[in-house]
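Here's the letter readout for the chains.
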Amino acid sequence: MDNLNTHTIGSLYEAFDPAEARRLAERLEIHSTPKHGSWLNITETELSVLAMQCLDRRIPTQQDLEREVEAWEDERNKTTKGVDGQFTTDDTRVKLRRHGWEGRVFIVVRGR
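Cut-offs used in this document
Residues numbered from 1 in each chain as written. Predicted model: local features only at pLDDT ≥ 70, side-chain atom pairs only at ≥ 80, totals over all residues. Heavy atoms only, no water. Helix = DSSP H or I, 4+ residues; strand = E, 2+ residues; numbered from the N terminus. Contact = heavy atoms within 4.5 Å. Areas by Shrake-Rupley, 256 points an atom, 1.4 Å probe, with all protein chains shown as cover. Core = buried A, V, L, I, M, F, W, Y, C linked by side-chain atoms within 4.5 Å. Buried < 20%, exposed > 50% of the residue type's maximum accessible area, 1.4 Å probe, protein only. Patch = residues over 30% accessible without salt bridge, like charges linked within 9 Å, V, L, I, M, F, W, Y side chains within 5 Å. Salt bridge = Lys/Arg side-chain N within 4 Å of Asp/Glu carboxyl O. Lys, Arg positive; Asp, Glu negative; His and termini not counted. Charge placed at Lys NZ, Arg CZ, Asp CG, Glu CD.

Asker: Just checking my understanding: could you explain the overall build of the protein for this structure?
Answerer: The helix and strand tally for the protein stands at five helices and two strands. Sequence-ordered secondary structure for the protein, helices as α and strands as β, is α-α-β-α-α-α-β. Residue pairs at least 24 apart in sequence account for 66% of intrachain contacts in the protein once pairs closer than 6 positions are excluded. On the protein, roughly 8,900 Å² of surface is accessible, and the fraction owed to carbon and sulfur atoms is 53%.

In structure tokens, the structure reads:
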């Protein structure tokens, strides 16, 4: 998710009744991210790998598609070590602070 100022937990309470907003908020996990898209590049890379390794053929049903993607995801998570960052966590925090990116967030929805 991008860093638009409306993408906060509080915006859920503006859009939904309190009970629904709370239900949705409990499914969200907030992560800090740089403003200028390095996480987006990682996401695009993973989607490209998914397309090449899993979606390079016709999959007849939605159920088959979900099963194939889930199996691919499980295997990818077991074998992939993640992104090889060039900075330590402390170096990254200093750089983010210097560029005004500190405190930026994106949202990941847990569960299905």
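After that view of the structure, there is still more to cover.
Asker: Just to check I follow, could you spell out the nonpolar core for this structure?
Answerer: Side chains of nonpolar character tend, in soluble globular proteins, to be buried together. Among the nonpolar cores identified, the biggest contains five residues, and these are Leu12, Ala21, Leu24, Ala25 and Leu28. Looking at this core, the element that brings in the most residues is helix α2 (residues 18–26), giving three residues.

Asker: Looking at this structure, I do not really get a negative patch on the surface. What am I missing?
Answerer: On the surface, Glu66, Glu70, Glu73, Asp74 and Glu75 cluster together into a patch of negative charge. The residue glutamate 75 is located in helix α4 (residues 62–79) in this model. When its relative accessible area of 44% is taken as the criterion, glutamate 75 is described as partly exposed.

Asker: In this structure, what is going on with the environment of tryptophan 72? I would like to understand it.
Answerer: Secondary-structure assignment places tryptophan 72 in helix α4. Here the alpha-carbon distance between tryptophan 72 and leucine 55, two residues 17 residues apart in the chain, equals 9.9 Å. With residues up to four places along the chain from it excluded, the contact list for tryptophan 72 reads Glu46, Val49, Leu50, Gln53 and Cys54.

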